[in-house]
Structures are given as C-alpha cells and as structure tokens.
Amino acid sequence: MAARKPAADAAEEQPNAAVVSTREYSGGEGWAVGQAAPADAFRALDSAGSGDQVGPVVHTHPGGYARQIVAKGGLITEGVKRELDAGEKSDDSEQG
C-alpha cells in the first residue's frame, strides 16, 4: 500500500504546467483565431458608394457608412482575422 504524502508536502507541490486554468491565463490580447473578441471592430466604408473598406480598424463606430467586422465576445475566425489584418495594413500604408 502506498503511503500518503503529508499535507505540508502536498501544499508545496507546483501545479502541472500543462494544465492552466483560464482564470490564471488571459490568452494574450484576444485577437487570435479561436479567441473571443475583446471589443467591437469596425471599418469605414467608402462614402462614394463602392462598398470598399477604407481606413484602419476602429473599436467604436466611425460614423457614416461602416462595416462591423466582429462584435465584442464574437469568435475570431480565419476570415475575421484576415479582415483585421487588412485594416492594419491599410493603416500602415496611410501613415507612411
């Protein structure tokens, strides 16, 4: 029969690094595929009526015509990530 460890030794044991509670680990910024969006994401639409997205990704409605990419708490899918990345590239090209 195996002997039980004393309670003091059990308290000093480290938790298994492979098993992390979601309360202990936030999972980064939340914009990775498979995560829940931490905020709304919008992108303005061309006011000329072409429907082209213009400008960077913003987290509040930019006014005028805009497209909501994802709502807060929504699942980040490959398509959503692609649109978010396209907004980042658009923002970079306008600045430089």
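Scroll up to find the structure.
We now turn to the structure provided with this report. (Residues numbered from 1 in each chain as written. Predicted model: local features only at pLDDT ≥ 70, side-chain atom pairs only at ≥ 80, totals over all residues. Heavy atoms only, no water.)

Let's shift gears to the environment of E78. Locating E78 in the fold gives a position in helix α2 (residues 78-95). According to the relative accessible area criterion, E78 is exposed, its value standing at 53%. For the pair E78 and V33, spaced 45 residues apart in the sequence, the C-alpha separation amounts to 6.2 Å. (Helix = DSSP H or I, 4+ residues; strand = E, 2+ residues; numbered from the N terminus. Buried < 20%, exposed > 50% of the residue type's maximum accessible area, 1.4 Å probe, protein only.)

Here strand β1 (residues 41-45) lies mainly inside the structure; four of its five residues are buried. As judged from the four bridges shared by β1 and strand β2 (residues 53-58), these two strands associate in the antiparallel manner. Looking at the pairing, A44 lines up with V54 of β2. (Pairing = 2+ DSSP bridges.)

Moving on: the pattern of salt bridges. Close approach of charged atoms allows side chains of opposite charge to pair. Within this structure, the stated rule accounts for two salt bridges. In this structure, R67 and E83 form a salt bridge, with 2.3 Å as the shortest nitrogen-oxygen distance. Here R67 is found in strand β3 (residues 66-70), whereas its partner E83 is found in helix α2, with 16 residues between them in sequence. Given a relative accessible area of 33%, R67 falls into the partly exposed group. Note that D85 is salt-bridged to K81, the shortest N-O span being 3.6 Å. In this pair, D85 and K81 both sit in helix α2, four residues apart, roughly one turn of the helix. K81 gets classed as partly exposed once you look at its relative accessible area, which sits at 28%. (Salt bridge = Lys/Arg side-chain N within 4 Å of Asp/Glu carboxyl O.)

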